Amino acid sequence: MKNEKIQTNDNGAETTAPDMADSPAESELTVEEQLSIQLAEKNEQFLRLAADYENYRKRMARQMEEVARSANDRILNDLFDVVDNFERALKTNGTDLESMRKGTEMIYQQVIRLLASYDIKPFDSLGEVFDPNKHEALMKTPSADYPEGCVAMEISKGFMQGERVVRHTRVAVSSGKPAEGQATPPGSAENSN
């Protein structure tokens, strides 16, 4: 009676019939087959998710490129005004050095204002203790004014955007007082006064 079911016929009499669910005609899937189907479904889901993620990643990369291009366009458009001013200054016929200096100073101030509009500001380093997070040491120089390990000369100004260093100040670091009879190098703080 293992594979038989008890059924009631139209007369109410009980009869036994083979269990059709267990018969080869209506084959149930084995556990391995069920697991294999589930695995195939999960694999298909995984492949779809992986493709969706790859599409998302590419879309985000394109959007980031577009944002960067847009930001660059804004900065470049602002710089074009500076270029225009330089061109106007170069076209002048004047030989007056003072007016040339004033014109150059005006353009310099325009650039500083432009940088400030992007929250980029220069910072001073002269006399500070050398900090590799803010300074790029290009050389060591003897200095009577600054102790060893301090910035004795700024070669190129550094810039920050908020609290982030955008460009390190290029500096000469003091190696201490010059030896007796040793000349202080040109461009150092002592000779620039």
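**What to know about the environment of Arg 69**
Within the secondary structure, Arg 69 is located in helix H1 (residues 31-91). At 2.9 Å, the side chain of Arg 69 forms a polar contact with the side chain of Glu 66.

**Concerning the side chain of Ser 143**
With respect to the helices, strands and loops of the structure, Ser 143 is situated in the loop between strand E4 (135-141) and strand E5 (151-156). Engagement of the side chain of Ser 143 in a polar contact is seen with the backbone nitrogen of Asp 145, the distance being 3.2 Å.

**Considering the pattern of salt bridges**
If you walk through the whole model with that rule in mind, you get nine salt bridges. Across the pair Arg 101 and Glu 98 runs a salt bridge, and its minimum N-O distance is 3.3 Å. Taken together, the residues span about one helical turn, with Arg 101 and Glu 98 both in helix H2 (residues 97-117) at a distance of three residues. A single salt-bridge network, built from bridges that share partners, covers Asp 124, Glu 154 and Lys 157.

**Structural notes on a nonpolar patch on the surface**
On the surface, a nonpolar cluster with roughly 320 Å² of combined accessible area is contributed by Ile 75, Leu 76, Leu 79 and Phe 80. Looking at the element boundaries, Leu 76 is found in helix H1.

**Some details on the sheet that holds E4**
The sheet built from three strands is open, its strands ordered E4-E8-E5 with mixed pairing. A single partner strand is all that each edge strand has here, and the edge strands are E4 and E5. Sheet twist, expressed as the mean angle between neighbouring strand axes with direction ignored, is 30°. Sheet topology note: the E5/strand E8 (residues 169-174) ladder contains four bridges and is antiparallel. Bridging across to E8, Val 151 finds its partner in Val 173.

**As for the packing of H1 against H2**
Contact geometry for H1 and H2: axes closest at 10 Å, N-to-C directions at 180°. Looking at the two axes, H1 sits roughly antiparallel to H2. Judged by residue contacts, Asp 78, Leu 79, Asp 81, Val 82, Asn 85, Phe 86 and Ala 89 of H1 engage Ile 107, Gln 110, Val 111 and Leu 114 from H2.

**Some words on the sheet that holds strand E3 (residues 120-123)**
Paired through their backbone hydrogen bonds, the strands of a sheet run either parallel or antiparallel. Pairing is antiparallel across the open sheet formed by three strands, whose spatial order is E3-E6-E7. Of all strands in the sheet, those with a lone pairing partner are E3 and strand E7 (164-167), marking the two edges. Going from strand to strand, the sheet's axes swing by 40° on average, the running direction of each strand aside. Direction of pairing for strand E6 (residues 158-161) relative to E7: antiparallel, over a ladder of three bridges.

**A closer look at the confidence of the model for the protein chain**
Within the protein chain, residue pLDDT values average 83, and 79% of them lie at 70 or more. At the level of individual helices and strands, the protein chain shows its lowest average pLDDT in strand E1 (residues 4-8), which scores 56, and its highest in E8, which scores 96. Note on residues 20-26: pLDDT is under 50 here. Beyond four places in sequence and across chains, it has four contacts.

**A few points about H2**
Taking 1.5 Å per residue, 21 residues should reach 30 Å; H2 reaches 30 Å between its end C-alpha atoms and fits that length. On the buried face of H2, the contacting elements are H1. Directly after H2, the chain includes Asp 119, whose backbone phi takes a positive value near 60°.

Calculation rules
Residues numbered from 1 in each chain as written. Predicted model: local features only at pLDDT ≥ 70, side-chain atom pairs only at ≥ 80, totals over all residues. Heavy atoms only, no water. Helix = DSSP H or I, 4+ residues; strand = E, 2+ residues; numbered from the N terminus. Polar contact = N/O pair within 3.5 Å; in protein donor to acceptor, adjacent residues only side chain to side chain. Salt bridge = Lys/Arg side-chain N within 4 Å of Asp/Glu carboxyl O. Patch = residues over 30% accessible without salt bridge, like charges linked within 9 Å, V, L, I, M, F, W, Y side chains within 5 Å. Areas by Shrake-Rupley, 256 points an atom, 1.4 Å probe, with all protein chains shown as cover. Pairing = 2+ DSSP bridges. Axes fitted to C-alpha atoms, helices over the stretch in contact; angles between N-to-C directions. Parallel < 35°, antiparallel > 145°, perpendicular 65-115°, else oblique. Contact = heavy atoms within 4.5 Å. pLDDT = per-residue confidence, 0-100. Expected span 1.5 Å × (residues − 1).

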